[in-house]
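Chain by chain, the residues run as shown.
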Amino acid sequence: MTEAVSSPEGAETGVYRAVCGLCDGCCGISIALENGQIVQIEGQKDHPISKGYICPKGRAVKEMVEAPDRIRRPLKKTGGGLWQEVSWDEALNLVARKLEEIKAKYGAEAVAVHVGQAGVRKESILYAKRFYRAFGTPNFSTAGSHCHISKMMANMITYGELPVPDCLNSRCIMLWGYNPMASCPPLMNNINEAVRRGASLIVIDPKATLTAKRADCHLQLRPGTDGALALGMLNVIIKEGLYDRDFVDKWTIGFERLAKYVADYPPEKVERITWVTADKIKEAARLYAKNSPACIYQGIALELHTNGFQTIRAISILQAITGNLDVCGGAIFVPAAKLASLKFKTTERNAKPVIGQDEFPLFYKHTRQAQANIYTRAIFEGEPYPIKGMIVAGSNPVLTWPNAGKVKSALASLEFLVVVDHFMTETARLANVVFPAATFLGRSELWSTAHSFGMPKIGLAAAVLQEKYNMSDWEFWKELAGRMGYGEYFPWKSEEDAINFRLEPLGLTVEGLKREPFGYTYNKWAGKKYEREGFNTPSGKVEIYSEELEKHGYDPLPVYKEPAESPKSVPEIAGDYPLILTTGARAIGYVHSRFRSLPSLRRLSPEPLVEVHKDKAGELKIKDGETVVVETLRGSIEIKVKLTDKVDPRVIFIPHGWNDANANILTDNEILDPVSGFPAARALLARIIKKKTCFWNK
Ligand code: SF4
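Residues numbered from 1 in each chain as written. Predicted model: local features only at pLDDT ≥ 70, side-chain atom pairs only at ≥ 80, totals over all residues.

### A short note on the domain arrangement of the protein chain
Consideration 1: Here the domain parsing of the protein chain yields domain 1 (14–66), domain 2 (149–332) and domain 3 (571–697).
Consideration 2: Each of domain 1 and domain 3 has a C-alpha centre, and the two are 33 Å apart.
Consideration 3: Taken together, the contact pairs 8 residues of domain 1 with 9 residues of domain 3.
Consideration 4: Of all elements in the fold, only helix 1 (56–59) and helix 2 (61–66) reach the threshold of two or more residues within the side of domain 1 that touches domain 3. (Domains from an automatic or database assignment. Contact = placed C-beta atoms within 7 Å. Helix = DSSP H or I, 4+ residues; strand = E, 2+ residues; numbered from the N terminus.)

Written as structure tokens, this is what we have:
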């Protein structure tokens, strides 16, 4: 491939630089076009993050763009339940009319707007927010209802900011409920580099993954007991005086109360809770505390428990008291780029509360969003009021939200559902109108590596392809708003115009960013910001004891509670459902429910499989490849068995995102984390039943 250039707009033939937008990896890719068609894709060897690497998803971009099953025109469901291609004008006018009807009949709050990250750009959220505010509904939600926000909240409440692990400069890296080999390979490349330079690696994962096998210390814990494990490690560190006394004295509040609380979690007791031996707990605690600077990656898996928020608090406190905050190689605070805000004040005040505002007030305070996990209550029970219509952009709730059976029935019962996506997803099938989304190659968007790699850089991923048949998602919101009389809230003439507005405070422009293919460095990390400004908390210190939590009726210390469904918390249920089910681990070829129809990725993981330890399988008399029924209190799915020795015999693993065996049929949206409202997708009680065979198949 010849050398790639930037500024590709309007070009049909040539080699162009792009930034992969399929995950947070921000890999640099070179795209060769001939007459507007992709002929080759390569990683950019000179790219400072990805250094020539692209994962199987990046290599499958041509398949994704040209997929025969991609939605290429707006679709309207007809009376007979069939789909009819319609013009953009007809589809947008229909949606505008229906939303106005619902607003007139039930009030604006009866429409919810949900934006995920499946195929729509992150910046799209900002424009969708302008739309929902102009429309007047209080109900706007994002994937943050079950991803990332709980971690963000726990860190904000403890330190006032969400830090980023600086793994390349660490002497010890802890991956806690996180496997970047599957979810963010460029980050794994950095971790491998740090390990080659001598950093120790600790992995905390209930499964002996390939990453865990490479670790110096792997703690294979019982799913959902991470909080107890963190308390056990704190116990060792405090008892053995391995914490940073100066930092603790000067910069924390509540340390004495914490010390008293964790004294009740000696490793021997924690062993009984977590199944990790006391010796391993001590080994990991000492390895981490004696090898500063050290950093901890807190994975999404930690959030998806009924005790997830407090677990993350405990881990955050672990990295604070060991003196690893905002130091090179520790957990660093990297400022976000100061872009122009797209918020605007509405004159009308919402008469109705946001859904979830009363139940999860801190989630609301930190996000100003609805908690989507309880939309089903509003739809079915009218609590706190009915939801009758929804716009779902870049999200597939039928496969990715907890208690999917209920979610599917709820969405099917709406008076009007609009979906924006690349493919006819299981959620799109329930819609009245479906709009095609542009791929990341067909739209321009900003990217930043501040919160993924700790690099304060911002860049432009400029459109490479002319995807003539669809609008960029920015245009979707603008066009819909225009038809409903809210055009004044979208004053920009073009996507570039809107991005230029965002960039103004930095003195940057789209044209300028096109000349910075590896991004513009907008800030310099100086370290120990707290010594100059204090922590961004009410006390200006690390709040081990949080009065804010106490004020809202939550435990002010990072207490451990058993998962709502566990052999210890509900032994009467565990009698019938004796296995611990964990769902949702990532596979490298997929992001949640996406890309199953792309042949090269499907070959990597052709079908959903429940992983069962071979001893347990022997006990249950089930064989490798046999189809079984896995059941929880919510429902059951049929799925093939994969025998393994990588999991504890008491634990089973099911991947999510498959329609054929939808793991979220099994998960729960009734008992949620009391602070964040996050669901328990990673630790539930389940049983395996042999599938009944017909007598002629016996
Ligand atoms: S890791 Fe893969 S999906 Fe993520 S940005 Fe890189 S190439 Fe794209």
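From this point, the narrative continues.
### Focus: the packing of helix 9 (residues 226–239) against helix 14 (residues 308–321)
Two packed helices can be described by the angle between their axes and the distance between those axes.
Consideration 1: It is the contact of helix 9 with helix 14, at a shortest axis distance of 8 Å, that shows an interaxial angle of 25 degrees. When the axes of helix 9 and helix 14 are compared, the pair comes out roughly parallel. Handedness of the crossing formed by helix 9 with helix 14: left-handed. Between helix 9, through Asp226, Gly227, Ala230, Leu231, Met233 and Leu234, and helix 14, the contact on the second element is made entirely by Gln310, Thr311, Ala314, Ile315 and Leu318.
Consideration 2: Tallied by class, the residues present in the contact of helix 9 with helix 14 amount to 7 nonpolar, 3 polar and 1 charged. (Axes fitted to C-alpha atoms, helices over the stretch in contact; angles between N-to-C directions. Parallel < 35°, antiparallel > 145°, perpendicular 65-115°, else oblique. Left-handed = near helix turned anticlockwise from the far one by under 90°. Nonpolar A, V, L, I, M, F, W, Y, C, P; charged D, E, K, R; others polar.)

### Observations regarding the sheet that holds strand 2 (residues 28–34)
Within a beta sheet, neighbouring strands are joined by backbone hydrogen bonds and run either parallel or antiparallel to one another.
Consideration 1: One open sheet accounts for 3 strands, arranged 1-2-3; its pairing is antiparallel. In this open sheet, the two edge strands, each paired with only one partner strand, are strand 1 (14–19) and strand 3 (37–43). For this sheet the average axis-to-axis angle between neighbouring strands, irrespective of direction, equals 30 degrees.
Consideration 2: In this structure, strand 1 lies alongside strand 2, joined through 6 bridges in antiparallel fashion. Its bridge partner being in strand 2, Val19 is matched across the sheet by Gly28. (Pairing = 2+ DSSP bridges.)

### What to know about the packing of helix 4 (residues 124–135) against helix 20 (residues 473–483)
Consideration 1: Here helix 4 crosses helix 20 at 10 degrees, and the two axes come no closer than 9 Å. Between helix 4 and helix 20, the crossing angle belongs to the class labelled roughly parallel. Residues Ser124, Tyr127, Ala128, Arg130, Phe131 and Ala134 of helix 4 form the contact with helix 20, whose participating residues are Asp473, Trp474, Trp477, Leu480 and Ala481.

### With respect to the site of the ligand
Consideration 1: Around the ligand lies a shell formed by Cys20, Leu22, Cys23, Gly25, Cys26, Cys27, Ile54, Cys55, Lys57, Gly58, Pro185 and Pro186.
Consideration 2: Elements supplying a minimum of two residues to the shell around the ligand: helix 1 and helix 7 (185–196).
Consideration 3: In terms of residue class, the shell around the ligand is built from 9 nonpolar, 2 polar and 1 charged. (Near = placed C-beta within 6 Å.)

### A word on unusual backbone geometry
Consideration 1: Of note, the amide linkage connecting Ser292 to Pro293 takes the cis form, showing an omega dihedral of 0 degrees.
Consideration 2: Its location among the elements puts Pro293 in the loop between helix 13 (278–289) and strand 13 (294–298).
Consideration 3: For the bond running from Glu383 to Pro384, omega is 0 degrees, close enough to zero to count as cis.
Consideration 4: Mapped onto the secondary structure, Pro384 falls in the loop between helix 16 (375–381) and strand 15 (389–393).
Consideration 5: In this structure, Trp275 is a non-glycine residue whose phi angle is positive, near 75 degrees.
Consideration 6: Structurally, Trp275 can be placed in the loop between helix 12 (267–274) and helix 13.
Consideration 7: Judged by the 18 C-beta atoms lying within 10 Å of it, Trp275 is partly exposed.
Consideration 8: For Lys621, which is not a glycine, the phi torsion comes out positive at approximately 60 degrees. (Buried ≥ 20, exposed ≤ 12 C-beta atoms within 10 Å, placed from the backbone.)

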